[in-house]
Each structure stands twice: as structure tokens, then as C-alpha cells.
Amino acid sequence: MLRLDLAQEPRLLEIETNTRQRLGEAQRMQWLGEVAGLQESLRHIADKKRQAERLRAQTDRGEDGVAALG
């Protein structure tokens, strides 16, 4: 389980950028297993970003800004 606070969100975006770059290389090289794995990683990253958005909304309402994301 990843424990994420909003201060770590820029790192999540860095991870997403890096993963997309690696995916492009894997597609060019036709590494099909790597492509599948990186696409799965991007799905998980998108889920974490949605969770961060929900956390931001909670913070905006004055709730705790740290939550367990899993």
C-alpha cells in the first residue's frame, strides 16, 4: 500500500512521464511483454492520480491531507 500525501504528487507525475517514455521505447523495439507491463503500470498510475484528486478534494473540505492509497 502506498501512503501518499499531496506533497508527493509531483513525484507521481515524474513516474508517469518516465513510464510513458519507456513505453514508447518498448513499442519501437516491439518488446511486447514490456509494453504490456508498462501499460498496466500506467493504469495503476492513473488510479493513483484519481485517488490524489479525491484526497485534494477532501483537503479542500478541511479533512486530513494524508490518506492510505492502495
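The structure presented is a predicted model; accordingly, all values stated were derived computationally and were not measured. (Residues numbered from 1 in each chain as written. Predicted model: local features only at pLDDT ≥ 70, side-chain atom pairs only at ≥ 80, totals over all residues. Heavy atoms only, no water.)

**Q** Is there a simple way to explain helix H1 (residues 9–29) in this structure?
**A** Since one α-helical turn is 3.6 residues long, residues separated by three or four positions face the same way. The end-to-end C-alpha separation of H1 is 30 Å, in line with the 30 Å expected for 21 residues at 1.5 Å each. Every buried residue belonging to H1 is among Glu9, Leu12, Glu16, Thr19, Leu23, Gly24 and Ala26, and all of these are buried. Angular distribution of buried residues about the axis of H1 spans 165 degrees; they occupy a single face of the element. Facing away from the buried side of H1 by over 90 degrees, the exposed positions are Gln21 and Arg28. Positive phi shows up at glutamine 30, right after H1, with a value of about 60 degrees. (Helix = DSSP H or I, 4+ residues; strand = E, 2+ residues; numbered from the N terminus. Expected span 1.5 Å × (residues − 1). Buried < 20%, exposed > 50% of the residue type's maximum accessible area, 1.4 Å probe, protein only. Arc of directions from axis to C-beta.)

**Q** Before we go on, may I ask you to explain helix H2 (residues 32–60) in this structure?
**A** Between its first and last C-alpha atoms H2 spans 42 Å; for 29 residues at 1.5 Å apiece the expected length is 42 Å, and the two agree. Every buried residue of H2 is accounted for by Val35, Leu38, Leu42, Ile45, Lys48, Gln51, Ala52 and Leu55. Directly beyond the C-terminal end of H2, a positive phi value near 90 degrees is found at glycine 62.

**Q** What is the right way to read the nonpolar core from this model?
**A** The nonpolar side chains of a soluble globular protein tend to be buried, and buried together. Counting seven residues, the largest nonpolar core consists of Leu12, Leu23, Ala26, Val35, Leu38, Leu42 and Ile45. Mapped by element, the contributors of at least two residues to this core are H1 and H2. Here the element with the most residues in this core is H2; it accounts for four residues. Excluding residues within four positions of it along the chain, alanine 26 makes contact with Trp31, Glu34, Val35 and Leu38. (Core = buried A, V, L, I, M, F, W, Y, C linked by side-chain atoms within 4.5 Å. Contact = heavy atoms within 4.5 Å.)

**Q** What exactly am I supposed to notice about the side chain of threonine 19 here?
**A** Positionally, threonine 19 belongs in helix H1. In this structure, threonine 19 is in contact with Leu38, Ser41, Leu42 and Ile45, ignoring residues within four places of it in sequence.

Functional significance is not addressed by these values, which are geometric in nature.
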